[in-house]
Structure formats: structure tokens, C-alpha cells
Amino acid sequence: MTANVPVGRVVDTRPPAEIAMEHIRKNVSQLGAAEADLDGVVITDEYTSKSDGVTHIYFQQTVNGLPIFNSLSNINILPDGSVLNVGNRLAGNIQNRAADNLPTVTARQAVNRAASNLGLSISAQLRETRGGTGIARKTVMSNGGISRNPIPLELVYYDYQGQLRLAWQSVIDELDTPNIWEVWVDAHTGAVIDKANWTADVEPVLTPRSHIPNDDPASATSPQPVIKKPSVPQSSQPADQQG
């Protein structure tokens, strides 16, 4: 018998991810999207809580091969295969609203624009320590004298003023302050679309398995979708030695 399932209850034995995807497709209009908007949905995490047997599945919406920032859905599936709850931030009409995925602003230029917007003066040469790879052109730049760590960037789409703007998403772990900035720079115009200070702007929210202390079922079954805190590359060298 499946764990935590009352005797006599009908159990859906399909994989939880299949159940979750079917639920999204059946309720897509209620979630503010259309069937075509699900074409690029991918699973970014899936795990089952040891305490209650609930399976937590996290979906990321993509378009033109790139993720749409914060266009997410998380679904929690009970041990009997029924849906416990859904958190949703899916975007609609994404194909018609998305810019092309070819940037005209470079990663280096994006860091310069982000630094200027934050009032930071780059005091060391910005150099590419890891080249842009894949469609997202994931890049790591040196710290430029403004960050404790190398500066990671990647291309994403950002839903802004009714359009899905192609943007460089960067993380600057500001030197000599507790600030960790995530900045989105339009990859076509160079304008700063948005920024977030992860030490001040964001309240604690549901995060995937690796960030849930002690597999706490109270937080793990929250219906609110994920906002991921950025990952900052670590360096063993002091900032003033990294260049």
C-alpha cells in the first residue's frame, strides 16, 4: 500500500510529474496562460518529502530556449496522486510578446550598465573568466573591483511593460557591504530593467529542496511559487587579487 494513503482511497499510480503536467494543461486558462504557452515548460526540481510523502514539482516556463524570469509553477502531489495545491506565476501569450534571443549588448557592457545604475565604480579590468556558453550564453566576468566574487551573467526573458524583454541577468556581491544585487539589463538597449537587493528586498519564500531546512513539511507544502536566491560564484582569492 502507498505510504500515507487511507485504506479504500483510489490511488493514481502514474508518475507525479505526469499528474502535475496534466493538471496544468487541464487548468491552463485559469492559470492565465494558453496551451501554446506550455510548449517550453520544463521541470527544474522534483522531490518527495520524507515526513508526509508529498511530492513537490517545480516548473519553469521558457520561450526561444531561454527561461522567463519568475514565470514559474509549483505543484504538490499527495501520496494517492491527487493534487494538494498549486502555486502559479505562468505568463501568457509568450510567443507574441518575446523579443528575439540574440543580444546586441555584450556581457561586459551589461556589467558596466549595472554597476553605473548601482552607483559602483569599476576599479579593475573586467575580463571574461568563463565564456558565454549555450543559448543562455552563461558567462562569468572578473569582479571589476566592485564584487566579492566573480560576476555571473546569463540571458533570460523578463516580463516588463507587457513585453518579454531579452535581458542579461547578473549577480553583483557588492564589495564592503552586505548587498547582493541581482540586476537585469536589456540585452538590446542596455537599459536597466530591474534590480533586487537580496539582503533587503525579498522576504523568505518557498525554495527547492536544497534550501528547505530539515525538509520542513509546513514550508514544503506552501502553494506559493518559488523565487530563487541567486547563486554567487565563490572565489578563494581576496577581491583585490582577482582583477
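This section reports on the structure supplied with the text. This is a predicted model, so every value here is computed, not measured.

**Structural notes on the packing of aromatic side chains**
Here is step 1: The final tally for this structure, using the stated rule, is four aromatic pairs.
Here is step 2: On the numbers, 6.4 Å between centres and 10° between planes, the contact of Tyr47 with Tyr58 is stacked. One end of the pair, Tyr47, is in strand S1 (residues 42-48); the other, Tyr58, is in strand S2 (residues 55-63), and 11 residues separate them in sequence.
Here is step 3: For Tyr58, a relative accessible area of 3% puts it in the buried group.

**Some points on the side chain of Asp186**
Here is step 1: Summarising the element assignment, Asp186 is placed in strand S9 (residues 180-186).
Here is step 2: A distance of 2.7 Å separates the side chain of Asp186 from the side chain of Arg165, its partner in a polar contact.

**What to know about the environment of Leu153**
Here is step 1: Tracing the chain through its elements places Leu153 in strand S7 (residues 151-160).
Here is step 2: The buried category is assigned to Leu153, whose relative accessible area is 4%.
Here is step 3: Along the chain, Leu153 and Val111 lie 42 residues apart, while their C-alpha atoms are 8.5 Å from each other.

**What to know about the pairing of S2**
Here is step 1: With respect to burial, S2 is a largely interior element, nine of its nine residues being buried.
Here is step 2: Residues Thr55, Ile57, Phe59, Gln61 and Val63 line one face of S2 and the alternating positions His56, Tyr58, Gln60 and Thr62 line the opposite face, and both faces are buried.
Here is step 3: As judged from the six bridges shared by S1 and S2, these two strands associate in the antiparallel manner. Directly across from Thr48, in S2, lies its bridge partner Thr55.
Here is step 4: Taking the residues between adjacent antiparallel strands as the criterion, S1 and S2 are bridged by six residues, where Gly53 takes a positive phi near 75°.
Here is step 5: Two strands pair when backbone bridges link them, and S2 and strand S3 (residues 66-77) are joined in this way by eight bridges, in the antiparallel orientation. Bridging across to S3, Gln60 finds its partner in Leu72.
Here is step 6: Adjacent in sequence and paired antiparallel, S2 and S3 are bridged by two residues, among which Asn64 carries a positive phi angle near 55°.

**Thoughts on the nonpolar core**
Here is step 1: Core analysis: the biggest nonpolar cluster contains 30 residues, and Val63, Ile151, Leu153, Tyr157, Leu164, Trp168 and Ile172 have the highest contact counts within it.
Here is step 2: Here this core gets six residues from one element, more than from any other, and that element is helix H3 (residues 107-118).
Here is step 3: Excluding residues that lie within four positions of it along the chain, Val63 makes contacts with Ile68, Ile94, Gln95, Ala98, Tyr157 and Leu164.
Here is step 4: Counting residues in hydrophobic clusters, the runner-up holds 15 residues, among them Ala20, Leu31, Leu38 and Leu90.

**Considering the pattern of salt bridges**
Here is step 1: Evaluation of the coordinates by the stated rule reveals eight salt bridges.
Here is step 2: In this structure, Asp12 engages Arg14 in a salt bridge whose closest nitrogen and oxygen atoms are separated by 2.8 Å.
Here is step 3: For Asp12, a relative accessible area of 27% corresponds to the partly exposed category.
Here is step 4: Among the ionic pairs, Arg14 bridges to Glu18, the shortest N-O distance being 3.7 Å.
Here is step 5: Via salt bridges that share partners, Asp12, Arg14, Glu18, Glu22 and Lys26 belong to a single interconnected network.

**Remarks on helix H1 (residues 16-26)**
Here is step 1: Of all the positions in H1, only Ala17, Ile19, Ala20, Met21 and Ile24 are classed as buried.
Here is step 2: Elements in contact with the buried residues of H1: S1, S2 and S3.

**Looking at the pairing of S9**
Here is step 1: When you tally the buried positions in S9, you get seven out of seven residues, the bulk of the element.
Here is step 2: The side-chain alternation of S9 yields two buried faces, one formed by Ile180, Glu182, Trp184 and Asp186 and the other by Trp181, Val183 and Val185.
Here is step 3: In the sheet, strand S8 (residues 163-173) pairs with S9 via seven bridges, with the strands oriented antiparallel. The partner of Ala167 across the bridge, within S9, is Asp186.
Here is step 4: Counting the residues that bridge the hairpin from S8 to S9 gives six residues, and of these Asp176 lies at a positive phi of roughly 65°.
Here is step 5: Across five bridges, the pairing between S9 and strand S10 (residues 192-197) is antiparallel. Counted as the bridge partner of Val183 is Lys195 from S10.
Here is step 6: Between the end of S9 and the start of S10, which pair antiparallel, lie five residues, with Gly190 showing a positive phi angle near 85°.

The rules behind each value
- Residues numbered from 1 in each chain as written.
- Predicted model: local features only at pLDDT ≥ 70, side-chain atom pairs only at ≥ 80, totals over all residues.
- Heavy atoms only, no water.
- Phe/Tyr/Trp six-rings, centres within 6.5 Å; stacked < 30°, edge-to-face > 60°.
- Helix = DSSP H or I, 4+ residues; strand = E, 2+ residues; numbered from the N terminus.
- Buried < 20%, exposed > 50% of the residue type's maximum accessible area, 1.4 Å probe, protein only.
- Polar contact = N/O pair within 3.5 Å; in protein donor to acceptor, adjacent residues only side chain to side chain.
- Pairing = 2+ DSSP bridges.
- Core = buried A, V, L, I, M, F, W, Y, C linked by side-chain atoms within 4.5 Å.
- Contact = heavy atoms within 4.5 Å.
- Salt bridge = Lys/Arg side-chain N within 4 Å of Asp/Glu carboxyl O.

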